[in-house]
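Here's the letter readout for the chains.
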Amino acid sequence: MLRFILKRILEAIPVLFIVATITFFLLHRMPGGPFDTERPMTPEVKKQVEAYYGLDKPVAQQYFNYMKRLVLHGDLGMSQKYFGWSVNELLAGSLPVSLELGLEGLLFALFFGLLAGIIASLRKNTASDYVPMSIATLGICIPNFVTGPLLILVFAIYFGQFNASGWNFPRDRILPAMTLGLYYMAYISRLTRGGMLEILNQDFIRTARAKGASERRIVWKHSLRGGLLSVVSFLGPAVSGIVTGSLVVELIFDIPGAARFFVGAAFNRDGPMLMGTTLVYAVLVVVMNLLADVVQIWMNPRLRFEE
Amino acid sequence: MQFASKHLSRRRFVHCLGAAATFSLLPGCAKRETLVEVGDRDLVLHLGNGTEPQDIDPGVVTGVQEYHIMMSLLEGLVSEDPVDLHPVPGVAERWDVSPDRRVYTFHLRDNAKWSNGEPVTARDFLETYQRNLTPSLGYEYSYMHFVVKNAEAYNTGKLTDFNQCGYKVIDDRTLEVTLDNPTPYFLSLLLHHSWYPVHMPTLRKYGDPYQRGNRWTRPGRYVGNGSFVLAKWRVNDVIEVRKSPTYWDRERVKLNAIRFYPIESDDTEERAFRAGQLHITYTLPPSKIEYYKTNNAAVLQIFPFLTTYFYRVNVTKPPVNDKRVRKALAMAIDRESIVKDIVKGGEIPAFNLTPPGTAGYTCRAQLREDIAAAKQLLAEAGYPDGKGMPPVEILYNTLESHRTIAEAIQEMWKTKLGVDARLVNEEWKVYLDSQRSLNYQVCRAGWTGDYDDPNTFLDLWTTGSGNNETGWSNPEYDQLIVQAAATVDPQQRLEVFQKAEALLMDEMPIIPIYFYTRIYLQRPEVKGWYSNILDNHPYKYMSLEAPK
Amino acid sequence: MSAEFPTVTQHTGEVEAGQSLWQDAWHRLRQNKLALIGACFIALLTIACFLTPLIAPGSYEKTNLALGPAAPSHAHWLGTDILGRDMLSRILFGGCISLSVGLAATLVSVLIGVLYGAISGYVGGRLDVVMMRVVDIAYSLPFVVFVILILVVFGRNIVLLFMAIGAVSWLDMARIVRGQVMSLKKQEFVEAAVALGLRKRRIILRHMIPNVLGIVAIYATLIVPSVMLLEAFLSFLGLGVQAPMSSWGTLINDGRKSMEEYPWLLIYPSLFFSLTLFSLNFLGDGLRDALDVRASKD
């Protein structure tokens, strides 16, 4: 297993390198630059500003300089949108917030999603199946830009128990985490139900049932690991998405997370920020997919049975 | 009647939500004390401020949000009256103007102090202005100084000796500024942040003052001379400023602190206001205007603002390269209906470019809305009833309000003139790029005056102006704008502008649509905050008086 | 309680395996009422949406500024929007776009995603490494940049909308299918097939893919709502539908801005959207059950 993980980490290096390279050159093909505003700079001013950020050099050299600073110093450069801040500083300040929000949302989603999915699969085609699955479908149908404001209207404005926006007190975490988690909860519960049904119909479960194993034992010992395979493959990429934050949730609740940078960087043509966020995201994707694969191998019931 | 039914449905809606929620949470717990209630007690103002500032260094930034924060941290030679913004003494306690109105001598007050206790001197201003004009800084607003002798030459590198520019330190407390032309709006210019001083020793300490990327603008480092000092800056969260103990007029300052919140989404901001987290919002979602008008008019603020909403026309592209087509299109827009039925914020239909009453100027040349005449013009151009006319493309940057207006105009052109229009939306920077490279036919635009004078609207359209972006060039117009700048007599000068704008309205490289209003919410306990045309609100006059 | 080895007999039966699988599935699907209701609803809605341009109750672009946003009435069954346009027409016209987008994404994710995942998972080894790292890279590249560049290079074209959506919709599917295939690989019937000397291609197409179809059906129905909303985001970038044309995504997106003042602008498009997704989910579950080769033997 350790060898497998080490191998994957080595494989990640070319992935990150390719992602950085493609992004860098794509970025330079984008129309509009970081300093284009409604009131254009005079050519003289623009020349000076671009010289400061090294944008006057040939793209190949810019790329070389960027990679050199990145590899040698881990320096992602100065933001071209927030003039007084470096990308490292901005991400260091905002990523923890997004990570926290993402993890809280994920815990919410996992707890209720797994619970609903397992119950539904065990009581297939009964009310305990239809009710949670309908709620799950609703969770997918109603986008978070609707659930978020609804939760705020009810709990923050009507009842006055929460702040409508901000990220200052512990209770400020509850509504955003629910909003973010609902959507993933829906996915998880549906995939869980589907995966569990596959497993519950397999021969070894029938065998176990025939041998008179208790239902609890069947679920925990035999079905869960195989049934959650698809959930785990889904969670790999989903977690990287959820922990880099959901832009919609961060905007609705005015949370100072990193998602604004992730999305805003492309819109602002903030090159260093775009590179920085893309690389962070790529690292997360690689790590989460690796984790998902590790968990998958560990969970594979066939491999287990062979032992 | 319609109002009533809408109101009812809204209330019923909220009640339903409320009922649904009752089952799930906390029956019968009391409301908590809100942020504004705490703020009223502690004299802390909670202010929605749009987006995260790019920086708060006056020599680097250009935006309005940044300006609103810097206004609390820095003070220029002159400051503004809170009601009508006329220049009042700031760091300069008085000033003399030479008879030819080209030389201004500012006398600085001796109790003006930086937040680190050092006195504010004439040299501080001189050094800041030199910095703002130094080419390597690449300061976008350096042109605000171009009325000063040789400032432009120094900024473009044609002149390397700053001593030859029109700024002169007579002594520690006297600064002399020499202008190229008598400029009636010069004192209004001084309110702009490009004329604010910065504490150069601080800038030197944290980087190169003549380059970007200086990190002096952090709490603990920022040295200012305004009525407040920087206390906290959490990116995308809050900027907090606290009352300055060194400010010369500190007796007048009533607020203990101001918290600026960069809330990007207008819906989020409005909800935060309702939940009692903001005293004043930055804006209000258009769909909420009617609700507040009928239900809570006391907090709704609407007032005219020095901004025009218009369409640029690319005069190099057929069929809109024909002046008659442009005029026909302009005449067929029902502005009253757009203002009344779509934007609904008390905006004023625009039949010319410069907002009426800008520094005493109201354009006499007014566009007529006349369908018959429009059809006549279109026929003359070779498109009777729009027949044979290729579709016109309307470009706008993606925003619901722009789209709605474009959809309405598209329909007006179609039904009234028989002209087909296609809508094209682009993401902001792509849209700017298309506009700049004249890759459009008709394109949505807006312009906010930099200062209270028609020049800020009319000098855009000169040949080679970076803001022209219509391909339109007219030597007579260029000549008029130069002539206006050289005209000493204020009344005569405005007459020159009348001629220029009449010419602009005849050639129609732009189609005016309406004059903006500023719309936001403000709680009644906020005192000393006045609506004005530039939307500037000096904080030192403000206070919070909660009803007992 | 029929056979002890249902899977083996099902999947190694050379000739009739494919046929009987589909025939069985079809038979089982017909007996699932919910799935049938879902399928009928989707069929009806699709027909309604695509016939709308021919039998439209009104125009999607005809404005009535004086009327403005009006609540549902006899003249306008589902009310009117900010510009006084009939919401029913706009929703039905919007359905064309949204349903097409949903269908396209499903097709791409099923065709490319399933095949890609199955090959990667079954063949394994170095090929699997390369294929999965390609997926990682595709995940990581900034989507907004990609879309804006498509627009700049190729201009606006509705085909590009489907391409952009297709380009991202298969990634999750590939990973999920790969995970399933990797676990199936170890099962007896596959080992039996290998022992019988069947070629890899045949094993993947005949034995791997049919066995993952259940989870594929579920995930495919989950993709649909997210791509319908993704379409609204692409419209924001200028790649989706052009105003005054609408889609469900853009209608819902607009409706939320005034959800308190004019709730019908949000509720009705969402209702169509949700009903479609519910139907799809019933259908998806039905398909899963129908395609589950073991369930029938209960």
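Everything quoted here is computed from the prediction, not taken from an experiment.

Observations regarding the overall build of chain A
Per the secondary structure count, chain A includes 14 helices and 0 strands. Taking the principal axes of the C-alpha coordinates as reference, chain A spans close to 85 × 55 × 30 Å. Expressed as a percentage of the 307 residues in chain A, the buried residues total 54%. Within chain A, residue pairs in contact and separated by at least 24 positions form 74% of the contacts whose partners lie at least 6 positions apart.

Structural notes on the overall build of chain C
A tally of regular secondary structure across chain C gives 11 helices and 0 strands. Element order for chain C, N to C, with α for helix and β for strand: α-α-α-α-α-α-α-α-α-α-α. Evaluated residue by residue, chain C yields a buried proportion of 54% over its 298 residues. Sequence-distant contacts, at least 24 apart, represent 73% of the contacts inside chain C between residues at least 6 apart.

Details of the interface of chain B and chain A
Taken together, the 49 residues of chain B in the interface contact 46 residues of chain A. Breaking the side of chain B that touches chain A down by element, the ones donating at least two residues are α1 (2-24), α8 (266-274) and α14 (428-436) of chain B. Ranked by the residues each element gives to the side of chain B that touches chain A, the list is headed by α14 of chain B, at 6 residues. Counted by class, the side of chain B that touches chain A contains 16 nonpolar, 16 polar and 17 charged residues.

Quick look at the sheet that holds strand β15 (residues 442-448) of chain B
Residue and element names in this part refer to chain B. Taken in spatial order, the 6 strands of this open sheet run β12-β16-β11-β15-β13-β14, and their pairing is mixed. Each edge of the open sheet is held by one strand with a lone partner, namely β12 (348-349) and β14 (421-426). Relative to β14, strand β13 (residues 392-397) runs parallel, the two sharing 6 bridges. Counterpart to Asn 397 in the pairing with β14 is Glu 426.

Structural notes on the packing of helix α7 (residues 158-184) of chain C against helix α9 (residues 200-237) of chain C
Residues and elements named next belong to chain C. Relative orientation of the contacting elements α7 and α9 amounts to 150°, with a least axis distance of 9 Å. One way to sum up the angle between α7 and α9 is to call them roughly antiparallel. In this structure, α7 meets α9 at a crossing whose hand is right-handed. Residue-level contacts link Leu 161, Ala 164, Ile 165, Ser 169, Met 173, Ile 176, Val 177, Gln 180, Val 181 and Leu 184 of α7 to Met 208, Asn 211, Val 212, Ile 215, Val 216, Tyr 219, Ile 223, Val 227, Leu 230, Glu 231 and Leu 234 of α9. When grouped by side-chain class, the residues that make up the contact of α7 with α9 number 17 nonpolar, 3 polar and 1 charged.

Focus on the interface of chain B and chain C
The partner chain C presents 21 residues to the 27 residues of chain B that form the contact. Residue contributions to the side of chain B that touches chain C peak at 7 residues, all from helix α13 (residues 400-417) of chain B.

Thoughts on the packing of helix α1 (residues 2-27) of chain A against helix α5 (residues 125-140) of chain C
As a packed pair, α1 of chain A and α5 of chain C sit with axes 10 Å apart at the nearest point and diverge in direction by 40°. Classed by the angle they form, the pair α1 of chain A and α5 of chain C counts as oblique. The chirality of how α1 of chain A crosses α5 of chain C is right-handed. From α1 of chain A, Glu 11, Val 15, Ile 18 and Val 19 of chain A reach across to α5 of chain C, where they touch Val 129, Arg 133, Asp 136, Ile 137 and Ser 140 of chain C. Its residues assigned to classes, the contact of α1 of chain A with α5 of chain C shows 5 nonpolar, 1 polar and 3 charged.

With respect to helix α11 (residues 335-343) of chain B
Residue and element names in this part refer to chain B. Buried within α11 we find Arg 335, Ile 338, Val 339, Asp 341, Ile 342 and Val 343. Structurally, α11 contributes buried residues whose contacts are with β12, α13 and β16 (510-521). Of the residues flanking the end of α11, it is Lys 344, one or two places downstream, whose phi is positive at about 60°.

Brief notes about the nonpolar core
Leu 73 of chain B together with Val 216 of chain C are the most contacted members of the largest nonpolar core, which totals 327 residues. Excluding anything up to four places from it in sequence, Val 216 of chain C contacts Val 110, Val 114 and Val 177 of chain C.

Overview of the confidence of the model for chain C
All names here are of chain C. With 89% of its residues at a pLDDT of 70 or more, chain C has an overall mean of 81. Across residues 1-17 the pLDDT falls below 50, and counting only partners more than four positions away or on other chains, this stretch makes 21 contacts in the model. Overall fold confidence (pTM) sits at 0.88, and the ipTM for the predicted complex is 0.88.

So, the pairing of strand β4 (residues 92-97) of chain B
Residues and elements named next belong to chain B. Sheet topology note: the β4/strand β5 (residues 103-108) ladder contains 5 bridges and is antiparallel. Paired with Asp 96 across the bridge in β5 is Thr 105. Connecting β4 to the antiparallel partner β5 that follows it, the hairpin turn spans 5 residues, and Arg 101 within it adopts a positive phi of roughly 60°.

Observations regarding the sheet that holds strand β10 (residues 257-261) of chain B
All names here are of chain B. Spatially, β1-β10-β9-β8 is the arrangement adopted by the 4 strands of the open sheet, whose pairing is mixed. The sheet is open, and its two edges are formed by β1 (44-48) and β8 (228-234), each paired on a single side. Averaged over all adjacent pairs, the angle separating strand axes in this sheet is 20°, with direction ignored.

Observations regarding the environment of Phe 457 of chain B
Residue and element names in this part refer to chain B. With respect to the secondary-structure elements, Phe 457 resides in helix α15 (residues 455-458). A residue is classified by how many C-beta atoms lie within 10 Å of it, and Phe 457, with 25 of them, is buried. In the structure, Phe 457 is positioned 265 residues away from His 192 in sequence and 17 Å away in space, judged by C-alpha atoms. Beyond its immediate chain neighbours, meaning those up to four positions away, Phe 457 contacts Thr 308, Leu 353, Thr 354, Trp 447 and Gly 449.

Observations concerning the environment of Pro 262 of chain B
Residues and elements named next belong to chain B. Examined against the element boundaries, Pro 262 turns out to sit in the loop between β10 and α8. Note on Pro 262: 23 C-beta atoms within 10 Å, which makes it buried. Taking the C-alpha atoms as reference points, Pro 262 and Tyr 282, separated by 20 residues in sequence, lie 9.1 Å from one another. Setting aside residues up to four positions removed in sequence, Pro 262 forms contacts with Asn 49, Gly 50, Thr 51, Glu 52 and Asn 236.

Brief notes about unusual backbone geometry
One can expect most non-glycine residues to show negative phi and most peptide bonds to be in trans. Of the consecutive residues Pro 318 of chain B and Pro 319 of chain B, the connecting peptide bond is found in the cis state with omega at 0°. Looking at the secondary structure, you find Pro 319 of chain B in the loop between β11 (300-313) and α10 (323-331). Here the phi dihedral of Asp 254 of chain A falls at roughly 50°; this positive angle occurs in a residue that is not glycine. Within the fold, Asp 254 of chain A resides in the loop between α11 (247-252) and α12 (259-268). Asp 254 of chain A gets classed as buried once you count the C-beta atoms within 10 Å, which come to 28. The phi dihedral of Arg 101 of chain B is positive, around 60°, even though this residue is not glycine. Tracing the backbone shows Arg 101 of chain B in the loop between β4 and β5.

Topic: the confidence of the model for chain A
Residues and elements named next belong to chain A. For chain A, mean pLDDT is 85; residues scoring 70 or higher make up 96% of the total. Between the elements of chain A, mean pLDDT differs from a low of 45, seen in helix α14 (residues 301-306), to a high of 93, seen in helix α3 (residues 59-73). Confidence drops under a pLDDT of 50 for residues 303-307, and excluding neighbours within four residues, the segment shows 2 contacts in the predicted structure.

The rules behind each value
- Residues numbered from 1 in each chain as written.
- Chains lettered and ligands numbered in written order.
- Predicted model: local features only at pLDDT ≥ 70, side-chain atom pairs only at ≥ 80, totals over all residues.
- Helix = DSSP H or I, 4+ residues; strand = E, 2+ residues; numbered from the N terminus.
- Buried ≥ 20, exposed ≤ 12 C-beta atoms within 10 Å, placed from the backbone.
- Contact = placed C-beta atoms within 7 Å.
- Nonpolar A, V, L, I, M, F, W, Y, C, P; charged D, E, K, R; others polar.
- Pairing = 2+ DSSP bridges.
- Axes fitted to C-alpha atoms, helices over the stretch in contact; angles between N-to-C directions.
- Parallel < 35°, antiparallel > 145°, perpendicular 65-115°, else oblique.
- Left-handed = near helix turned anticlockwise from the far one by under 90°.
- Core = buried A, V, L, I, M, F, W, Y, C linked by C-beta atoms within 7 Å.
- pLDDT = per-residue confidence, 0-100.

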